[in-house]
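Examining the three-dimensional arrangement
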Amino acid sequence: MREPFRSEWLLALVLLLPLAGVAHAQSEPARPDATGESPSIRGRVVGEGGRPVAGAVVRAAVLRSSGGFSGELVANANRDGVFELRDVPPGFSRIYVIAPPLIVVDGIPDEGARPGDVLTIRMAKGAAITGRVVDENGAPLTGLRVTPELVRGESGVRTSGEYTAYSGGLVDDRGVYRIYELRAGTYVLSAGRTAETYERPVFLSDRVPTYYPSGSRSAASEISVRFGAEVANIDIVFRGDAGFRVGGKVVGAGTTAPGRTSVEIYRAREAESFRTALVTVASVTVSFLIDAVEDGDYELMATAFGAGDGPVSSERVRVKVRGADVSGVTLTLMPMSQITGRVETASESKTDECAEATSGVAVRPIRLADVSIGFREVSPGERPRRTGLKSDGTFAATRLTGSKYRLWAEIADDELFVARMDTSTAAVAPSSGGSGGSTPKPLSAPATAASGTVASTAAPSGVARDGVNVVRGKSVDGLRFVVARGAARVRGRIAPAKEGESLPSRARVCLVPADPKQKDDVVHYYEVDVERDGAFEVRNVAPGEYFVVTRTFPGDDRPDVEISPAAWDVKERAALRAAGENLGIRLTLSPCQRLESAVVTLPAGP
Amino acid sequence: MRKRPIGMIVALVVAIQLFAPIPQAAAQSKLDKPAGGSISGVVTVEGKPAKDVGVILMRFEAGPFDATAVGRARTDKDGKFVFEDIGQGNFGLDAYAPGYFSFDDSPREGAVAITLGEGETVKNVAIALEKGGAITGKLTDEDGNPIASQSIQVYAKQPNGQFDLAQVWERTVSSDDRGIYRVFGLAPGTYAIAAGSSETERSLNRGLGVHYERRYYGESPSSEGAKKIELANGGEAQGVDIVLKRMADGYMIRGRVIQSGTKQPVPSAFVRYEFERAGGFGGSSGVSASEAGEFSIQNVATGTYAIKAVVRSSNEGSFTSDAVEVNVVDRDLNDVVIEMKPAATLKGFIAPLETEAGLDPIELRRSVTCAHRHRRASSPTARSREVPTFMLRVRPDRSFVAVGVRPGHYRVSMWPWAPVKGFFVARVEIDGAAVAGPVDVEGTETIANVRIVIGRAGGFIRGRIVGRNGEIVYSRVDVTAGAEGNGTLQMVQRIDSSGEFLIEGIPPGETEVKATYYPPSGKPEVSGSKRVSVPAEGKVDVTIELDLEADPAPKGGGL
């Protein structure tokens, strides 16, 4: 389980500059509008001390409706570290930077970058850990792999088994290993914890991994490293304990064409994603056996990749290992689930207010590529996934297990916002009041501006308020996102209560709809991460009145670790709202408003 | 020890794709696998029994790239291993002990080849491993800065004097964050070490890493000028340092995909580009055009490219294009136009043979190939225009729609490398009538109601190769079974050490079994063949004699 953060609700003292009289865009940045006139992503890659990283390879991959990425674009940073990715298609592109042995520290938005974005990507040389791995007689154990697990971030906050990126780790013929391109932080190292593949046996994979210096995970010594530093002589004496076997059968392999079935074992208390073993069984061999499992609580899951429509998997089955082998575990393969829906445009208004305000253009269409759908299982440690829209505006979030999911729209066009999220049934049974029940148009039709009341009057639907419950093997269909033009945007920064105080290592800015009727209108709660320098940007905001609140996570410096928006949880949502009401500072955003240089001052103390 | 140049293996694979006749059976079924059969043996390291060594059992099916790992074992304290209840088939065994090598090992076939009949047992298989040597050095740029995460290529001198990529225990060897690399587990011999990328690799792997110009140890751009490294048994060569130069930035190819008649854009077409290198085909990659039909290929090296477009969904119409050849010299190309012209459409569904009541075609829906009648291409660009083979994308309801079909004669077959094997295309019907021969496509018509009938291929051939007038190295023999008439073409990758082989998944009828021997001395190949009648279920035996002193011209008929 994730260790809870010291999450605090801070009353926000909001000083908005300029605050009054701001109705429309002012001093727009280089970003182009939705016409895509400047389809480039530009920026600079810098290393330590802001020095340019000449020759860094910058790559952009475009999200597709299948959920995958394709159409990769490539640029090399010049001697000043400057790069330009040209001909970038609309929508979000995932950005990768390669300049070994440097690794990216920050500067790449989670949702990706859009044409017109200007990025400053900061890199640093990764840390290195080196040593030897020998048996109890001092003989080198060539071929073993040494694996690092990040247990604390740079500032000391404990992690819970998230994926750790690194390079190296193979023990060579002298018994020497070297792990590099590590983020700064604190690690434990184990020898022998390697995923087994069917194609190639892994040396001593039938033995329990040994943690540095020579024991179980609970006895592991921690190793702290800084960016660019090297820690040597981290020698491991491999014990080679046999451990116990966990075995059973995979039922239902015949439901898909023969392919490959893997069985993965997770530590139960770190059930997010921590894989400790992988076996692959032939399609006709439905039994499995995992060697070298030490005492503990685990979860097992089987996944089959065949010639069918996609993978099928089992639910996670819990097992306890207590001093003996465990047999007879049954993993039943079942088809995976999906959520389908479509994105439509609101028809509340007849004019394009943003276009009229900025360029006099009457109505511009909404592009499919500017909208993608994010989705995430509401469980600790689960990471968001994304899918693009198909040519008819529909989407499918696939490969889901039976669980509760949250979905949201990620919109690359700053003028668009989600007016509401509901199901097709709700569309034919409109909620009372305002324009919330009007019939939406297909996305291919020209979109119109919002009246500014769309968000504030539509009653939130169940799926927007509570998420979507998915039953294993079933499809949930008919989800609908209704988007409209007229979105507002707020840019600014947070500031410490006293000049000279440092900012929290991780913080978020939240906009909470002020209308009490919208207390459960999750779609219109906005929550964004604050950059290291205190900057933030809230985009695609429905016009309306909001409270501004900040969330801080003292000591947490792990931007890769997911934190659910407060609005997803009914209690946290209520607390967030209460914080906003107590402060009582309201922010009214007009259609298409561009609010620049807002300053959110943090209160002193918790 | 290498059996033959890898290029030949690739050529054979391609040949099967191009020549696939109808109906064709794939290799044996993975379903209903017979029980029984075992292989056991011992692994030694430097002559002593080795414990904890992983042994893997591979099963060779449709060809050299169709080896399926079907078993794993680990040696006990006496170095022994056993695989039981593995059925019949052509198997390969490999032992993995990091840092050690086997003199008998070959890159793809493993250390030991065994053909096993139903219920047969092979004991006392011996795999001997030896401690390997190591080569280490450092990669730096021209300013002396270390180059990290750059892959190392290891070339070993072959008996014919050529340097081929060596099999190393660690499949990918890279420099670390200090630029240092170490390759180990090498057999004694003569080596050349290189790092960096070729132009081909850069164009294929755009954006996947930082590319440096290929350089061999000894500051040479080619293996001929490389400084050679003599590695003794278990020895170590140090200081094998290489200085690399960063590749210049590539260029951009921009263009549009339009309809030839209306000049309107073709949205979302897939733009595929192939490039030439000295001596032929250099590789291919692709990008998707935008909804406006625009595309850009970024960071490509100088060279000649053949660019064409295909549509991948029936929603986007049925179009095809000829390849446009462009030369990238010293600047971006910004106005490449690919014109797509209307093409034919094939629509239909797959169905089981009347006698195959239990056969579920859904399992086979990604295994059906539609093959263009072969026309040998004269150049890479010409080959790209042929579209010789494509897979029918069969939907879960068993239907399929193929768009962008060019005029030609199409044979339908099962894909030899499909995960589901042991079936063949019994016949093809259009509007309820069986088609005699290939499906003919003449223009831009839509051919609907195509029914592909699939049957089960339950026959198998158990054979033996016998040499006359000389000793045959069985690892250098290929066997194929097939004929235009009954529509099979199977290749056995390897004959076992006793000269035996097994070919499964053959449909009933007359089949020609052909053996070809590639002598190690570079002498002309020797062939022999025999026709057999394969039953619907069960075995037929065949023996083929190869006369090593016979006329090297291919033999017809049998013994």
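Residues numbered from 1 in each chain as written. Chains lettered and ligands numbered in written order. Predicted model: local features only at pLDDT ≥ 70, side-chain atom pairs only at ≥ 80, totals over all residues. Heavy atoms only, no water.

A word on the overall build of chain A
- Looking only at helices and strands, chain A features 5 helices and 43 strands.
- Across the 606 residues of chain A, 56% fall into the buried class. (Helix = DSSP H or I, 4+ residues; strand = E, 2+ residues; numbered from the N terminus. Buried < 20%, exposed > 50% of the residue type's maximum accessible area, 1.4 Å probe, protein only.)

Quick notes on the overall build of chain B
- Broken down by element type, chain B carries 3 helices and 43 strands.
- Taken over 559 residues, chain B has a buried fraction of 54%.
- For chain B, the accessible surface area stands at approximately 23400 Å², while carbon and sulfur atoms represent 48% of it. (Areas by Shrake-Rupley, 256 points an atom, 1.4 Å probe, with all protein chains shown as cover.)

Observations regarding unusual backbone geometry
- Look at the link from P100 of chain A to P101 of chain A: it is a cis peptide, with omega at 10 degrees.
- By secondary structure assignment, the location of P101 of chain A is in the loop between strand 7 (93-98) and strand 8 (102-106).
- Each neighbour pair has its own omega, and for Y212 of chain A with P213 of chain A the value is 10 degrees, a cis peptide bond.
- With respect to the helices and strands, P213 of chain A occurs in the loop between strand 15 (210-211) and strand 16 (223-225).
- In this model, D431 of chain B sits at a positive phi of 55 degrees, which is unusual for a non-glycine residue.

Regarding the packing of aromatic side chains
All names here are of chain B.
- Inspection of the entire model under this criterion finds 5 aromatic pairs over all chains.
- A centroid spacing of 5.5 Å and a plane angle of 40 degrees characterise the contact between Y155 and Y216, whose relative ring orientation is tilted. In this pair, Y155 is assigned in strand 11 (residues 151-157) and Y216 in strand 16 (residues 215-216), connecting sequence segments 61 residues apart. The pair formed by Y155 and Y216 is uniform in burial state, with each residue classed as buried.
- Note that K131 overlies the ring of Y100, its terminal NZ or CZ placed 5.8 Å from the centroid. (Phe/Tyr/Trp six-rings, centres within 6.5 Å; stacked < 30°, edge-to-face > 60°. Lys NZ or Arg CZ within 6 Å of the ring centre and 35° of its normal.)

Regarding the pattern of salt bridges
- Per the stated rule, a full pass over the model turns up 60 salt bridges over all chains.
- Here D529 of chain A and R508 of chain A are joined by a salt bridge, their closest N and O atoms 2.9 Å apart. In this pair, D529 of chain A sits in strand 39 (residues 526-529) while R508 of chain A sits in strand 38 (residues 507-513), placing the two residues 21 residues apart along the sequence.
- You can call R508 of chain A buried: its relative accessible area is 7%.
- Salt-bridge contacts for R462 of chain B lead to E500 of chain B; the nearest nitrogen and oxygen are separated by 3.1 Å. Taken together, the residues span a long stretch of sequence, with R462 of chain B in strand 37 (residues 458-468) and E500 of chain B in strand 40 (residues 500-506) at a distance of 38 residues. Each member of the pair R462 of chain B and E500 of chain B is classed as buried. (Salt bridge = Lys/Arg side-chain N within 4 Å of Asp/Glu carboxyl O.)

Here we look at the pairing of strand 31 (residues 399-405) of chain B
All names here are of chain B.
- Burial within strand 31 is extensive, with 6 of its 7 residues counted as buried.
- In the sheet, strand 28 (residues 344-352) pairs with strand 31 via 5 bridges, with the strands oriented antiparallel. The partner of A344 across the bridge, within strand 31, is V405. (Pairing = 2+ DSSP bridges.)

Details of the sheet that holds strand 32 (residues 403-411) of chain A
Residues and elements named next belong to chain A.
- On the basis of which strands lie adjacent, the open sheet formed by 4 strands has the order 30-29-32-35 and antiparallel pairing. Edge positions in the sheet fall to strand 30 (385-388) and strand 35 (468-470), since each of these pairs with one other strand and no more. Neighbouring strand axes in the sheet, compared pairwise and without regard to direction, differ in orientation by 35 degrees on average. (Axes fitted to C-alpha atoms, helices over the stretch in contact; angles between N-to-C directions.)

Observations regarding the environment of S337 of chain A
All names here are of chain A.
- Along the chain, the position of S337 falls in strand 28 (residues 337-345).
- Residues S337 and V471, 134 residues apart in the sequence, show an inter-C-alpha distance of 7.3 Å.
- Among the polar contacts made by the side chain of S337, one reaches the main-chain carbonyl oxygen of K474 at a distance of 3.4 Å. (Polar contact = N/O pair within 3.5 Å; in protein donor to acceptor, adjacent residues only side chain to side chain.)

With respect to empty space enclosed by the protein
- A full pass over the atoms with the stated rule returns 7 cavities of 30 Å³ or more.
- Lining the second largest cavity are 11 residues; nearest its centre among them are N76 of chain A together with R202, H211, R246 and N299 of chain B.
- For the lining of the second largest cavity, the residue count by class is 4 nonpolar, 5 polar and 2 charged. (1 Å grid on protein atoms, 1.4 Å probe; cavity = no way out; pocket = protein on both sides within 12 Å on 5 of 7 lines; lining within 4 Å. Points joined across faces, edges and corners; volume = space filled by probe spheres on them. Nonpolar A, V, L, I, M, F, W, Y, C, P; charged D, E, K, R; others polar.)

A short note on helix 5 (residues 570-583) of chain A
All names here are of chain A.
- Its 14 residues place the ends of helix 5 20 Å apart at the C-alpha level, agreeing with the 20 Å of an ideal helix rising 1.5 Å per residue.
- Of all the residues in helix 5, the buried ones are R573, L576, R577, A579 and G580. Here the buried residues of helix 5 occupy an arc of 155 degrees about the axis, which is enough to place them on one side. Along helix 5, the residues that are exposed and aim more than 90 degrees away from the buried face are V570, K571 and N582.
- With a side-chain oxygen positioned 3.0 Å from the backbone nitrogen of K571, the residue opening helix 5 is D569.
- One or two steps after helix 5, the chain reaches G584, where phi turns positive at roughly 75 degrees. (Expected span 1.5 Å × (residues − 1). Arc of directions from axis to C-beta.)

Quick look at the environment of D87 of chain A
- Looking at where D87 of chain A falls in the secondary structure, it is placed in the loop between strand 6 (82-85) and strand 7.
- In this structure, the C-alpha to C-alpha distance between D87 of chain A and I41 of chain A, residues 46 residues apart in sequence, is 8.7 Å.
- Not counting the four nearest positions on each side in its chain, D87 of chain A is found in contact with P39 and L73 of chain A together with M252, R254, S296 and Q298 of chain B.
- A distance of 2.5 Å separates the side chain of D87 of chain A from the side chain of R254 of chain B, its partner in a polar contact. (Contact = heavy atoms within 4.5 Å.)

Observations concerning the nonpolar core
Residues and elements named next belong to chain A.
- The biggest cluster of nonpolar side chains holds 27 residues, and the ones touching the most others in it are V490, I494, L511, F536, V538, V541 and L589.
- Shared between two domains, this core takes at least three residues from each, and those domains are domain 1 (8-25 + 488-601) and domain 5 (337-485).
- Once residues lying within four places of it in the same chain are set aside, the contact partners of F536 are V490, R491, G492, R493, I494, V509, V528, D529, V530, A598 and V600. (Core = buried A, V, L, I, M, F, W, Y, C linked by side-chain atoms within 4.5 Å. Domains from an automatic or database assignment.)

What to know about the sheet that holds strand 6 of chain A
Residues and elements named next belong to chain A.
- Across the sheet, which stays open at both edges, the 4 strands sit in the order 6-3-9-8 with mixed pairing between neighbours. Bordering the open sheet on either side are strand 6 and strand 8, each of which pairs with just one other strand. Strand-to-strand twist of the sheet, defined as the mean angle between neighbouring strand axes without regard to direction, takes the value 35 degrees.
- Here strand 3 (residues 41-46) pairs with strand 6 via 4 bridges, running antiparallel.

Section: the environment of M58 of chain B
Residue and element names in this part refer to chain B.
- On the secondary structure map, M58 appears in strand 3 (residues 54-60).
- Judged by its relative accessible area of 12%, M58 falls in the buried class.
- With 36 residues separating them in the primary sequence, M58 and D94 have C-alpha atoms 8.1 Å apart.

Quick notes on the confidence of the model for chain A
Residues and elements named next belong to chain A.
- Averaged over every residue, the pLDDT of chain A is 78; the share at 70 or more is 73%.
- The spread of mean pLDDT over the elements of chain A runs between helix 3 (residues 454-457), the lowest at 36, and strand 17 (residues 230-231), the highest at 98.
- In this model residues 280-284 is a low-confidence stretch, pLDDT under 50, and it forms 12 contacts with partners more than four residues away in sequence or in other chains.
- Low confidence marks residues 426-459, where pLDDT is under 50. Its contacts with residues over four positions away, or in another chain, come to 87 contacts. (pLDDT = per-residue confidence, 0-100.)

A word on the confidence of the model for chain B
- Mean pLDDT over chain B: 79, with 79% of residues reaching 70 or higher.
- Low pLDDT, under 50, characterises residues 374-387 of chain B; the stretch is placed with 27 contacts to residues that sit more than four places away or in other chains.

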